Amino acid sequence: MKARITVGIAVAVLSLSPAASAQTRTMAEHAQTASALQCLLDHVRNACSLAFVGSASGPATQWLWWNANKDVEVGALRSSDYAGTEAVNAYLTKFLNGRVADVYHVKFGHQEKTFYIVPPGPDGKVHYMRIRQGGPDDERTDLFTYGPG
């Protein structure tokens, strides 16, 4: 009898969608990272109240130093949605040194991107950020593309 219950629970857990079973995204306060995203999407390097340093400086540079060619490439901004706060997992360990990050799904006219922004540190600066092609549920594909370690 106990074996049937155990097997039944295992089957139920395995049949859940990856998003439901992982429960990696939870609603949380994200005002600081939302402000950072807005700064990047508005391309306001001089008026941005946040500084992007460390491993966040590279990805931020392409958004803060914007030009018309990039507008043509990605298209006009259509929407930006908070997808949740992602707990530490293999993806965040590989690309953000294992830091919890707020995840944003941003759609443009020609592309779709996911922004991972770690809240600013005690110094008020964003130290870790990643931007990748695709929606928030495409992590496995991206992780596979870059391989382990």
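The notes below deal with the structure included here. (Residues numbered from 1 in each chain as written. Predicted model: local features only at pLDDT ≥ 70, side-chain atom pairs only at ≥ 80, totals over all residues. Heavy atoms only, no water.)

**What about unusual backbone geometry?**
Then step 1. One non-glycine residue, Asn 97, adopts positive backbone phi at about 50°.
Then step 2. Within the fold, Asn 97 resides in the loop between helix 6 (90-96) and strand 4 (101-108). (Helix = DSSP H or I, 4+ residues; strand = E, 2+ residues; numbered from the N terminus.)

**Let's talk about the environment of Ser 35**
Then step 1. The topology assignment puts Ser 35 in helix 3 (residues 31-42).
Then step 2. By relative accessible area, which is 35% here, Ser 35 ends up partly exposed. (Buried < 20%, exposed > 50% of the residue type's maximum accessible area, 1.4 Å probe, protein only.)

**Points about the environment of Arg 140**
Then step 1. Its place among the elements puts Arg 140 in helix 7 (residues 139-146).
Then step 2. Overall, the relative accessible area of 65% leaves Arg 140 in the exposed class.
Then step 3. On a C-alpha basis, the gap between Arg 140 and Tyr 91 in space is 7.9 Å, while along the polypeptide they are 49 residues apart.

**What to know about the packing of aromatic side chains**
Then step 1. According to the stated counting rule, one finds 6 aromatic pairs in the structure shown.
Then step 2. Taking 5.7 Å as the distance between ring centres and 25° as the angle between the ring planes, the aromatic pair formed by Trp 63 and Phe 108 counts as stacked. Separated by 45 residues along the polypeptide, Trp 63 in helix 4 (residues 57-64) and Phe 108 in strand 4 bring together distant segments of the chain. Pair check on accessibility: Trp 63 and Phe 108 agree, each one buried.
Then step 3. Through successive ring pairs, a cluster of aromatic residues spans Trp 63, Trp 66, Phe 108 and Phe 115.
Then step 4. One residue, Lys 94, lies across the ring of Phe 95, its end atom 5.6 Å from the ring centre.
Then step 5. Positioned above the aromatic ring of Phe 95 is the side chain of Arg 130, whose terminal nitrogen or guanidinium carbon lies 3.7 Å from the ring centre. (Phe/Tyr/Trp six-rings, centres within 6.5 Å; stacked < 30°, edge-to-face > 60°. Lys NZ or Arg CZ within 6 Å of the ring centre and 35° of its normal.)

**Some details on the environment of Ser 55**
Then step 1. Tracing the chain through its elements places Ser 55 in the loop between strand 2 (51-52) and helix 4.
Then step 2. Residue Ser 55 is classed as partly exposed on the basis of its relative accessible area of 41%.
Then step 3. Ser 55 sits 74 residues away from Met 129 along the chain, and the two C-alpha atoms are 6.8 Å apart.
Then step 4. In this structure Ser 55 touches His 127, Tyr 128 and Met 129, once residues within four positions along its chain are discounted. (Contact = heavy atoms within 4.5 Å.)

**Overview of the nonpolar core**
Then step 1. Formed by 23 residues in total, the largest nonpolar core has its most connected members in Leu 40, Phe 52, Trp 63, Phe 115, Ile 117 and Met 129.
Then step 2. Secondary-structure elements contributing two or more residues to this core are helix 3, helix 4, strand 4, strand 5 (112-117) and strand 7 (129-133).
Then step 3. For this core, the element with the highest residue contribution is helix 3, accounting for 5 residues.
Then step 4. Excluding its chain neighbours within four sequence positions, the residues that come into contact with Phe 115 are Leu 37, Leu 40, Leu 41, Trp 63, Asp 102, Val 103, Tyr 104, Val 106, Arg 130 and Ile 131.
Then step 5. The next biggest cluster of nonpolar side chains, apart from the first, holds 9 residues, and it includes Leu 92, Phe 95, Leu 96 and Val 103. (Core = buried A, V, L, I, M, F, W, Y, C linked by side-chain atoms within 4.5 Å.)

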